[in-house]
Amino acid sequence: MALSGACGESGQGDGPSVGVLLPGAGASRFGRFDQPLIERKLKQVCPHCPAPTVSATAEAEVQQQQLEAMITRGVDVLIVAAIDPRTLRSSVEAAHQAGIPVVAYDRLALGPVSGYVTFDGAAIGRLQGEGLLKAMGPEADGGQIVMVNGASADPNTAWFKQGALSVLRGKARIGKSYDTPGWRPENAYTEMTGAVAALGADAIDGVLAANDSLAGAVIAALDAAAVRPLPPVTGQDADLVAVQRILAGRQYMTVYKSYRAEADAAVEMALALGRGEPAGSVATATVDSATTRRIPSVLLPSYPVTAGTIKDTLVKDGIYTIDQICTPKLRPACAQAGLTP
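Residues numbered from 1 in each chain as written. Predicted model: local features only at pLDDT ≥ 70, side-chain atom pairs only at ≥ 80, totals over all residues. Heavy atoms only, no water.

Bringing the packing of aromatic side chains into the picture now. The geometry of an aromatic ring pair is captured by the separation of the ring centres together with the interplanar angle, meaning the angle of the planes. Applying the stated rule across the entire model yields 5 aromatic pairs. With a centroid separation of 6.5 Å and an interplanar angle of 85°, the aromatic rings of phenylalanine 119 and tyrosine 259 are classed as edge-to-face. Within this pair, whereas phenylalanine 119 is found in strand E5 (residues 115–119), its partner tyrosine 259 is found in helix H9 (residues 259–274), the two being separated by 140 residues in sequence. One aromatic cluster is present, formed by Phe33, Phe119, Tyr259 and Tyr320 through successive ring pairs. The ring of phenylalanine 30 is capped by arginine 29, whose NZ or CZ atom sits 4.4 Å from the centre of that ring. (Phe/Tyr/Trp six-rings, centres within 6.5 Å; stacked < 30°, edge-to-face > 60°. Helix = DSSP H or I, 4+ residues; strand = E, 2+ residues; numbered from the N terminus. Lys NZ or Arg CZ within 6 Å of the ring centre and 35° of its normal.)

Counting through the fold element by element, alanine 135 comes out in helix H4 (residues 121–136). For alanine 135, a relative accessible area of 28% puts it in the partly exposed group. Separated by 173 residues in sequence, alanine 135 and glycine 308 have C-alpha atoms that sit 13 Å apart. When sequence neighbours within four positions are dropped, the list of residues in contact with alanine 135 reads Pro232 and Tyr252. (Buried < 20%, exposed > 50% of the residue type's maximum accessible area, 1.4 Å probe, protein only. Contact = heavy atoms within 4.5 Å.)

A separate point is the sheet that holds strand E6 (residues 144–149). Taken together, 3 strands build an open sheet; the order of strands is E7-E6-E8 and the sheet is parallel. Edge strands, defined here as strands with exactly one partner in the open sheet, are strand E7 (173–179) and strand E8 (206–209). Each strand axis lies, on average, 15° off the axis of its neighbour in the sheet, ignoring direction. Bridging between E6 and E7 involves 6 bridges; their strand directions are parallel. Across the sheet, valine 146 pairs through a bridge with lysine 176, a residue of E7. Together, E6 and E8 form the strand contacts of H4, whose direction differs from that of E8 by roughly 165°. The strands touched by helix H5 (residues 155–168) within the sheet are E6, E7 and E8, with E6 carrying the most contacts at an inclination of about 165°. (Pairing = 2+ DSSP bridges. Axes fitted to C-alpha atoms, helices over the stretch in contact; angles between N-to-C directions.)

This next bit is on the sheet that holds E5. Reading across the sheet, the 7 strands line up as E2-E1-E3-E4-E5-E11-E10 and stay open at both edges, with mixed pairing between neighbours. For this open sheet the edge positions go to strand E2 (53–56) and strand E10 (285–287), each flanked by a neighbour on one side alone. In this sheet, neighbouring strand axes are inclined to one another by 25° on average, regardless of whether the strands run parallel or antiparallel. Where strand E1 (residues 18–22) and E2 come together, 4 bridges link them in parallel fashion. By the bridge assignment for E2, valine 20 is matched with valine 54.

Now for the environment of isoleucine 325. Examined against the element boundaries, isoleucine 325 turns out to sit in helix H11 (residues 322–325). When the C-alpha atoms of isoleucine 325 and leucine 247 are compared, they prove to be 9.1 Å apart, with 78 residues separating the residues in sequence. Ignoring any residue separated from it by four or fewer positions in sequence, one finds isoleucine 325 in contact with Leu240, Val243, Gln244, Leu247, Ile310, Val315, Tyr320, Leu330 and Leu339.

Moving on, we get to helix H2 (residues 60–73). Its 14 residues place the ends of H2 20 Å apart at the C-alpha level, agreeing with the 20 Å of an ideal helix rising 1.5 Å per residue. Buried residues belonging to H2 abut E1, E2, strand E3 (77–80) and helix H3 (85–97). Of the residues one or two after H2, glycine 74 is the one with positive phi, at around 85°. (Expected span 1.5 Å × (residues − 1).)

A separate point is the confidence of the model for the protein chain. This prediction gives the protein chain a mean pLDDT of 93; 96% of its residues lie at or above 70. Contacts for the low-pLDDT stretch residues 1–13, under 50 throughout, to residues beyond four places or in other chains number 21 contacts. (pLDDT = per-residue confidence, 0-100.)

Glancing now at the packing of helix H6 (residues 185–199) against helix H7 (residues 212–224). Two elements in contact, H6 and H7, have axes separated by 8 Å at closest approach and are oriented at 40°. Judged by the angle between their axes, H6 and H7 are oblique. Viewed along their axes, H6 and H7 form a crossing whose handedness is right-handed. Counted together, Pro185, Ala188, Tyr189, Met192, Thr193 and Val196 of H6 and Ser213, Leu214, Ala217, Val218, Ala220, Ala221, Leu222 and Ala224 of H7 form the full contact between these two elements. (Parallel < 35°, antiparallel > 145°, perpendicular 65-115°, else oblique. Left-handed = near helix turned anticlockwise from the far one by under 90°.)

What follows is about the state of the cysteines. One pass over the full model with this rule turns up 2 disulfides. Two residues share a disulfide in this structure: cysteine 46 and cysteine 49, whose sulfurs sit 2.1 Å from each other. Since a negative S-S torsion denotes a left-handed disulfide, the cysteine 46-cysteine 49 link at about 75° is right-handed. The burial state of cysteine 46 is the same as that of cysteine 49; both residues are buried. (Disulfide = S-S within 2.5 Å.)

A word on unusual backbone geometry. Omega for the bond connecting arginine 228 with proline 229 falls within 30 degrees of zero, at -5°, which places this linkage in the cis form. Assignment of secondary structure puts proline 229 in the loop between H7 and helix H8 (240–247). In the Ramachandran plot, alanine 226 falls in the positive-phi region, its phi being about 60° despite a non-glycine side chain. Within the fold, alanine 226 resides in the loop between H7 and H8. Even without being glycine, aspartate 237 reaches a positive phi, approximately 105°. By the secondary structure assignment, aspartate 237 is in the loop between H7 and H8. By relative accessible area, which is 11% here, aspartate 237 ends up buried.

What follows is the structure, given as structure tokens:
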């Protein structure tokens, strides 16, 4: 995307101040990838912009307080990845009333958002469903699966699920389906434990886990129940530990999303809005929320990752190095997958 001129035609003078609210810091996906990428891109394309104000938390109520604090501070534009869109709705409305545009990032917030940047959720669900059926092989024809979805409060959950079901319906039987509160792995562990008890250890042919954190909890629950062999398990986000599980044969696939492309698009849209330009100057699509129709949006592509495609996706894009992925224990599997220095 062309980002020249983000600070105005001359590129001189102060640019808009940007507030960034993320649903996690530190070792989370948002802390490891999104936050530094957003900060780096803002500095690159608008060196005269004030440093962004960044707040991160895993709690919806805290995020609401953080957003309200940024309104009080008077930022020019907000990039918000909502933990719970319903909790945040009144604060998004307050930002709108204060004349502060909100770019919904990764997750669609409720209320009068000015733009939205994310990945095509239905396509992600389809990739997971297709990957699971491929891994199940002959068992895909009438085999029984468990769906461990994300939080019902997150609109992405329904989007992912819709895409997955479009592939799975009429093929695999869904023995159990869960919406995991808070996307928390401990909840997914409990759900999977319950599924094994209800369906039987030998009656689960595959698990569609909505992301890699949930996949890790699912696999831990299967291990605790002594389920052997492990059924194929999907994921999303290309977490390093998930990539290593894939090489070890414990998780079948994940979905890789270019966080750099997402951060770039969000920065471009935020700076356009901060300059008083419409989000439609950046958007390539529109999306409807429960409260707002035709939100200018950027919907980015995603890519399936299995053991044989790690090198041409994650390593090629610089997400991880071979040394980061290939621990001594995994070196034989890495060599088989073509992951050699």
